[in-house]
Amino acid sequence: MNGARIAAGLSVVLTCVLFFTSSLNGLVMYAYFEGCDPVKSGEISKADQLMPYLALNVFQSMPGMAGLFVSAAFSATLSTVSSGINACGALVLEDFISPCFPNMGEIKRLTASKIIVVIYGIVVMTLSLCIQHLDATVIQVSFTIFGSVSGPLLGIYTLGLFLPWCNAIGAFVAQLIATILIGSMGMASLVSKNSRSFLPTTADNCPVPTTVAMGSWLASDNSTYQSIVETTSFVSTMVNFEQSNPEKSYGFLSTSHLYYSLLSFSITIPLGLAVSFITGANNPKKSDPRLFVPFVDNKLLPKSVVSFFRFGVPPLIELDSKEINDSEMQQLNGNGAVKDSPRSQSKSQNQDVQQTI
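Residues numbered from 1 in each chain as written. Predicted model: local features only at pLDDT ≥ 70, side-chain atom pairs only at ≥ 80, totals over all residues. Heavy atoms only, no water.

Within this structure, the stated rule accounts for 8 aromatic pairs. Aromatic side chains Phe-33 and Tyr-53 sit 5.7 Å apart centroid to centroid with 35° between the ring planes, which places their arrangement in the tilted category. With Phe-33 in the loop between α1 (2-32) and α2 (38-41) and Tyr-53 in helix α3 (residues 50-58), the pair connects residues that are 20 residues apart, well separated along the chain. The exposure class of Phe-33 is buried, given its relative accessible area of 7%. Residues Trp-165 and Phe-311 carry aromatic rings whose centres are separated by 4.9 Å and whose planes lie at 50° to one another, so their mutual orientation is tilted. Of this pair, Trp-165 sits in the loop between α6 (138-162) and α7 (168-191) while Phe-311 is found in the loop between α11 (303-308) and α12 (321-332), placing the two residues 146 residues apart along the sequence. An aromatic cluster is present here, built from Phe-162, Trp-165, Phe-277, Phe-295, Phe-308, Phe-309 and Phe-311 joined pairwise through their rings. (Phe/Tyr/Trp six-rings, centres within 6.5 Å; stacked < 30°, edge-to-face > 60°. Helix = DSSP H or I, 4+ residues; strand = E, 2+ residues; numbered from the N terminus. Buried < 20%, exposed > 50% of the residue type's maximum accessible area, 1.4 Å probe, protein only.)

This paragraph deals with the environment of Phe-59. Structurally, Phe-59 can be placed in the loop between α3 and α4 (65-100). Excluding anything up to four places from it in sequence, Phe-59 contacts Met-65 and Ala-66. (Contact = heavy atoms within 4.5 Å.)

Taken together, Phe-172, Leu-176, Ile-177, Ile-180 and Leu-181 make up a surface patch of nonpolar side chains, about 460 Å² in accessible area. Mapped onto the secondary structure, Ile-180 falls in helix α7. Given the relative accessible area of 48%, Ile-180 is considered partly exposed. (Patch = residues over 30% accessible without salt bridge, like charges linked within 9 Å, V, L, I, M, F, W, Y side chains within 5 Å. Areas by Shrake-Rupley, 256 points an atom, 1.4 Å probe, with all protein chains shown as cover. Salt bridge = Lys/Arg side-chain N within 4 Å of Asp/Glu carboxyl O.)

Inspection of the entire model under this criterion finds 2 salt bridges. Two residues, Asp-288 and Arg-290, come together in a salt bridge whose shortest N-O distance is 2.9 Å.

Put into structure tokens, the structure is as follows:
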């Protein structure tokens, strides 16, 4: 248990560092390309290409660095995708295929696993080819999918751990409706071009070699050349002002994709409770106290406060882990007389408390 807690804590710390580094990369890119947006100037077609384009510009005087950056990015992406595909294949095999075919041999299981992985790979490749035709970025697509799935999942865990009234029907209906609502809103936002706004950028400071060459060829005096350059700069400013101020949408489609997890979680909790009470909520007095986590459980607080946040769930009678281990070892080293272990005695005591209540 301690090892799992340490691993979870390290995972949270490393994830925060990763997101912080990604945010710094975004700030650096905005500061670097603020006066010459490569998307508006036509150097690249989508914002997803900004990071490789930045690496090529920064490391153009250092031979090999740009290739090293691209190879590292591809290696990290392929390793993540391959591990995810293999995990999904094993999940489908163990949870769906093995229960239907319990007598399947090892060779057939291995063949089925390979086929599932190939199917997942084809699906991933197809989606990656479709994403390039969307106006949204890969980050927006990933956060849309993640928000519509992870928010309801967190809501189900919250209902099961902290709210003893929720039943299986309420949890299932709440997760299904929240996923459909947020997923539909996210997909509609992805295909809508007027629903997103970005920080203002311009292409005024971009070099204009084509205009300079044309000016030098058309006229030899400085007055005509200066007039052409000024006209080009004015036109570029007007075009970028129109692009940096899109028509705003004040509906649900203007909601940022970063709020999808919070919205889906907020929908799951009240909807799960409402459906549970309509279909017959669970009785907290009959709930297993080992599966309940109160919001507030501190011995320094008054008993009335602690009892209120248990919502009627009976208290859990715990035994010292050292006493449990010593008693079980004595039973194993005894003369074969089988007695009730402290764990079973604790369970029976919890059942007696529930019946008393």
